[in-house]
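Per-entry structural report
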Amino acid sequence: MNAPAALTRSAGDLRRADFPGLVGRDGAPWHYLDTAATSQKPQAVIDAMARAMGEDYATVHRGVYARSAEMTAAYEGARRKIARFIGGQENELVFTRGATEAINLVANTWGQANIGAGDRILLSQLEHHSNIVPWQMLAERVGAHIDVCPLTDDHQIDLDAAEAMLTERHGLVAFGHVSNVLGSVLDAKRAAGLAHKVGAKLLLDGCQSAPHMPVDVAALTCDFYVFSAHKLYGPTGIGALWARADILDAMPPWEGGGAMIDRVTFEKTTYAPAPQRFEAGTPAITEAIAFAAAADYVSDVGLDQIHARESALVARLRQELGAMNDVRLFGPADSAGIVSFAIDDIHPHDLGTILDEANVAIRAGHHCAQPLMEHLGVPATARASFALYSNDDDVDALLEGIARTRRLFLGTSQ
């Protein structure tokens, strides 16, 4: 383990200085292991947003003056960059408030038009609430049915089971590309093939895949892909829906207002083409520009390098935790940047509180995945999640904190 540890420590340190949030108020390092919830922001993204909100600021799409034209070019340039970041085209990408809104948009436009009484939607046991509740709401509204694909023994979505479950009544398959609890990576291309075989569409929740591995929506052959900027080292309040151009063009608008129209009269309104049709009102201009800066930053580091670094950290932490008799590990051994676990007789919330005293931040709870917690037979898990700025010092601090928690609660470090 010595060589990978040295690599992950030096590689993480090279970028750690770019993130002002990784230093506590006392000047001590903050061991941030909650990136699956939201990432820290590099100075380049902070600076890009500050410039857009300051000396570059103007509205978009409406002004005839130079700065408005420049800001419009920057905003639409951001759309182009983010689309290319996942292998798409700019006319296929809609800015949303985040992945949650993107899924709701699909449910309320494409879903409302294409899912009817008696139709079926296939989800999986590991989905985030944001990829469950909108489909439940749609199903209740139109009389459709929700089916749930089980997991394999190593906590992957069971695509063999999915193949057996899918019928021509299924209009949509909506799966997490990477689980926010387990880190398990879906074979998305196979999932797309299974969905398309019965005439269904595939939506991928990419919140945990876009920041951690290269994504090419064209190669994956999915129909919808959603993700959020704040998990990709960008700002909160903005995300993206990618959809195949032919699907997006056929979708009716969801929200009405300025910017999404062609012509308005009291008798009739006509709408702008996609993607503008889905962006009513003044958009999140500065956030979009910072979103693009985050994509540039990640591309500069290299997603292959990020994935390799995080995989080494996951392997080390799972090895260390696996040697502890009272620890239960969840998810596959090759999970993408996430390690979820539970310690006998220590509630994850208690562990998280004690770790916080040592400047270690993890997530403790159900992670917006209550059906998965029920399947795993636990009320909550402790989750450590890595990023491009993570290194072995973070793992060391976590392990030391676990040992301290054991001494406080159990009178032992093992």
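Preceding this section is the structure that the text describes.
Residues numbered from 1 in each chain as written. Predicted model: local features only at pLDDT ≥ 70, side-chain atom pairs only at ≥ 80, totals over all residues. Heavy atoms only, no water.

**Thoughts on the sheet that holds strand β12 (residues 338–343)**
In plain terms, the rule: When DSSP locates at least two bridges between a pair of strands, those strands are taken to pair. Think of it this way: any DSSP run of H or I at least four residues long counts as a helix, any run of E at least two long counts as a strand, and we number them from the N terminus. Note on geometry: axes are C-alpha line fits, over the in-contact stretch for helices, and angles between N-to-C directions span 0 to 180 degrees. In this description, contact between two residues means that some pair of their heavy atoms is separated by no more than 4.5 Å.
Pairing within the open sheet is antiparallel, and its four strands lie in the order β11-β12-β15-β14. Each end of this open sheet is capped by a strand with a single partner; those strands are β11 (327–330) and β14 (363–365). With direction set aside, neighbouring strand axes in the sheet form an average angle of 30°. In terms of strand pairing, β14 meets strand β15 (residues 381–385) through three bridges, oriented antiparallel. Bridge pairing in β15 links A364 to A382. Packing against the sheet, helix α11 (residues 303–322) makes contact with β11, β12 and β15, and its axis sits at approximately 15° to β12.

**Brief notes about the nonpolar core**
Using the following cut-off: Here, nonpolar core refers to any group of buried Ala, Val, Leu, Ile, Met, Phe, Trp, Tyr and Cys residues whose side-chain atoms link them within 4.5 Å. Between buried and exposed lies partly exposed: a residue is buried under 20% and exposed over 50% of the maximum accessible area for its type, with that area taken using a 1.4 Å probe on protein chains only.
Membership of the largest hydrophobic core comes to 73 residues, with the highest contact counts inside it found for I86, F95, F175, Y225, F227, F291 and L372. When residues in this core are grouped by element, the largest group, nine residues, is from helix α10 (residues 285–301). Dropping the residues within four chain positions of it, F95 is found in contact with Y75, A78, R79, I82, I238, G239, E279, A288 and F291. W110, I132, V226 and L241 belong to the second largest nonpolar core, which has 30 residues in total.

**Overview of the pattern of salt bridges**
Here is the rule we go by: Salt bridges, as used here, are contacts in which a Lys or Arg side-chain nitrogen is within 4 Å of a carboxyl oxygen on Asp or Glu.
For the structure on display, the rule yields 21 salt bridges. A salt bridge links E76 to R79; the nearest nitrogen and oxygen atoms lie 2.8 Å apart. Here the residue E76 and the residue R79 both occupy positions in helix α3 (residues 66–85), the gap between them amounting to three residues, near one helical turn. Judged by relative accessible area, E76 falls into the buried class, the value being 14%. With a closest N to O distance of 3.1 Å, E357 and R404 form a salt bridge. With E357 in the loop between α12 (348–356) and β13 (360–361) and R404 in helix α14 (residues 392–410), the pair connects residues that are 47 residues apart, well separated along the chain. Overall, the relative accessible area of 53% leaves E357 in the exposed class. Taken together, the salt bridges that share partners define one network made up of R316, E320, D392 and D396.

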